[in-house]
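Listed here are the chains, written in short residue letters.
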Amino acid sequence: MRVVVLGAGFGGLELAARLSEELGAAADVVLIDGADAFIMGFSKLDVMFGRTDAAAVRHPYSAIDKPGVRFVQTVIRAIDPAARRVETDAGAFEADALVVALGADLDPAATPGLTEAGIDFYTPAGAFAAREVLERFDGGRVVVGVTSTPFKCPPAPSETALLVHDLLTRRGVRDRSEVALAMPLPSPVPPAPSASHSLLDAFAERDIEWHPGTLVRGLDPRRRVALLEGGGEMPFDLFLGVPVHRVPAVVAESGMCVDGWIPVDPLTLETAYPGVYAVGDVTSVGTPKAGVFSERQAAVVADRLVALQRGEEPGATYDGTGVCYVEYGGDRVGRVEVTFRSGEAPTGTFDAPSEALAAGKREFGTSRARRWFGREWSAF
Ligand SMILES: Cc1cc2nc3c(=O)[nH]c(=O)nc-3n(C[C@H](O)[C@H](O)[C@H](O)COP(=O)(O)OP(=O)(O)OC[C@H]3O[C@@H](n4cnc5c(N)ncnc54)[C@H](O)[C@@H]3O)c2cc1C
């Protein structure tokens, strides 16, 4: 069975690794990505806050060396889900099983004023640029703001506000600065009230302003104010923004999307097209957009494909669970475990921040680099 995996992010990498692990050389996997290297989401924050540098967080795809897996670096130009066929700059690929794991594209230019007057810290280029600005920042009002929903890794803006506080304190400019966090959500981590309480306490202890239910629709570069949905304004000296998210254009043009994202069966990750699956940020599966969810969805698809290949009835289903680490600064990290099941209210548990969990987060990254790229790596 020829499996063509579109996108080598958290989802695509895990899918290819698991199929190779189970089927060895009998796996017939083509893994396609337009980039030459993978960067974990949280590595952007590590670079932005000076714990490591941009070159150290890249995992070149040329290191992928797995039985039955061929990595092709090329841009996907068209997807025909009915024919399970894709057109790329390296030619056409046809699949018995096609898996779309193309993630969410980020569009800083979609928010008026953001590229002129603010910094998006979600793209690698934006996060790396933010580092230089933060290193030179001489004090003033920093606003961390979100420009649209849904957005990846919902705890990341909270982490960023806490890490900004930490950095400005270390640099000796915190006492002449303000830090504000504007989020469209009613609480920092809605499915896990204990995590939200802990973060709200942390904001209060550090004098970080918390603005729930607040969406930034644009920036006025001349007056240096953020323009809020509903008409309010928020002044800033430094604006760190989460840009608009949308499916990659090639996915939008494929006809697979409903309301902007690919709908899937929440248990099997099957799309409306036979033999076509979608995992991760590109879907509307109902979980937050985060690597841990993409990875777990990919594992389910892999197990189902392995069963099909062996002539068995696929039994694996997705349980909606994911574990997210939350940076508090000072090398302390909290841990949230959340479960999103279709038709049920999401639930979550929280482990208070500690240095042990910070080590656990680093091990999370190390284990993925080892598993997917065969390399020994530590986040910092
Ligand atoms: C600041 C920040 C912090 C984060 N922290 C965490 C965290 O701590 N934990 C966590 O779980 N998640 C975190 N995330 C979120 C996480 O990075 C994403 O949710 C995750 O990468 C999604 O995985 P995916 O496989 O769905 O898509 P992606 O990892 O985005 O992979 C999609 C791939 O598709 C490729 N692609 C897209 N279009 C094309 C095309 N036309 N042709 C060829 N290739 C294409 C891209 O190059 C990309 O490699 C964070 C994100 C950010 C921005």
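Quick caveat, the model's predicted, so the values are computed rather than measured.

**Student:** I would appreciate a short explanation of the overall build of the protein chain in the present structure.
**Tutor:** Helix and strand counts for the protein chain come out as nine helices and 23 strands. Radius of gyration (C-alpha) of the protein chain: 21 Å, near the 21 Å computed for a compact globule of 380 residues. Taken along the three principal axes of its C-alpha coordinates, the protein chain extends 65 × 40 × 40 Å. Burial status across the protein chain gives 48% buried among its 380 residues.

**Student:** Can you walk me through the domain arrangement of the protein chain in this structure?
**Tutor:** A common way to express how large an interface is: the accessible area buried when the components associate. Looking at the protein chain, the domain boundaries give domain 1 (2–104 + 247–320) and domain 2 (106–245). Of the residues contributing to the side of domain 1 that touches domain 2, the split by class is nine nonpolar, two polar and three charged.

**Student:** Would you mind going over the packing of helix α2 (residues 41–48) against helix α4 (residues 124–136) with me for this structure?
**Tutor:** When two helices pack together, their arrangement is given by the angle between the helix axes and by the axis-to-axis distance. Relative orientation of the contacting elements α2 and α4 amounts to 20°, with a least axis distance of 8 Å. When the axes of α2 and α4 are compared, the pair comes out roughly parallel. Seen along the crossing, α2 lies across α4 with a hand that is right-handed. Contact with α2, carried on its side by Lys 44, Val 47 and Met 48, involves Pro 124, Ala 127, Phe 128, Ala 130, Arg 131 and Leu 134 of α4 and no other residues of that element.

**Student:** Where do I start with the UniProt feature "domain: FAD/NAD(P)-binding" (unreviewed entry) in the protein chain in this structure?
**Tutor:** Feature annotation in UniProt assigns "domain: FAD/NAD(P)-binding" (unreviewed entry) to the following positions: residues 1–290. Taken end to end, residues 1–290 is 24% helix and 28% strand, and its two terminal C-alpha atoms sit 29 Å from one another.

**Student:** Help me out: how do you make sense of the site of the ligand in this one?
**Tutor:** Residues in close proximity to the ligand total 34 residues, the closest being Gly 7, Gly 9, Gly 41, Gly 103 and Gly 280. Only α1 (10–23), β2 (28–33), α2, α8 (291–309) and β21 (321–329) provide two or more residues apiece to the shell around the ligand. Per-element tally for the shell around the ligand: the top contributor is α2, with four residues. Residue composition of the shell around the ligand, by class: 19 nonpolar, 10 polar and five charged. A domain split of the shell around the ligand shows at least three residues from each of domain 1 (2–104 + 247–320) and domain 2 (106–245).

**Student:** What is the right way to read the sheet that holds strand β9 (residues 97–100) from this model?
**Tutor:** Where strands meet in a sheet, backbone hydrogen bonds hold them as pairs that are either parallel or antiparallel. Here five strands make up an open sheet; going across it, the order is β5-β2-β1-β9-β20 and the pairing parallel. Each end of this open sheet is capped by a strand with a single partner; those strands are β5 (69–73) and β20 (276–278). Averaged over all adjacent pairs, the angle separating strand axes in this sheet is 20°, with direction ignored. With five bridges joining them, strand β1 (residues 2–6) and β2 adopt parallel strand pairing. Looking at β2, one finds that Val 3 is bridged to Val 29.

**Student:** Help me out: how do you make sense of helix α6 (residues 193–205) in this one?
**Tutor:** What sets the pattern is the α-helix's 3.6 residues per turn: residues three or four places apart point alike. Over its 13 residues, α6 extends 18 Å from the first C-alpha to the last, a length consistent with the 18 Å expected when each residue adds 1.5 Å. Residues of α6 that are buried make contact with α5 (156–170), β13 (178–182), β14 (208–211), β21, β22 (332–339) and β23 (347–354). Asp 207 sits one or two residues past α6 and shows a positive phi near 60°.

Rules behind the numbers
Residues numbered from 1 in each chain as written. Predicted model: local features only at pLDDT ≥ 70, side-chain atom pairs only at ≥ 80, totals over all residues. Helix = DSSP H or I, 4+ residues; strand = E, 2+ residues; numbered from the N terminus. Rg over C-alpha atoms; globule rule 2.2 N^0.38 Å. Buried ≥ 20, exposed ≤ 12 C-beta atoms within 10 Å, placed from the backbone. Domains from an automatic or database assignment. Nonpolar A, V, L, I, M, F, W, Y, C, P; charged D, E, K, R; others polar. Axes fitted to C-alpha atoms, helices over the stretch in contact; angles between N-to-C directions. Parallel < 35°, antiparallel > 145°, perpendicular 65-115°, else oblique. Left-handed = near helix turned anticlockwise from the far one by under 90°. Contact = placed C-beta atoms within 7 Å. UniProt positions renumbered as here; feature names shortened; annotations may be inferred. Near = placed C-beta within 6 Å. Pairing = 2+ DSSP bridges. Expected span 1.5 Å × (residues − 1).

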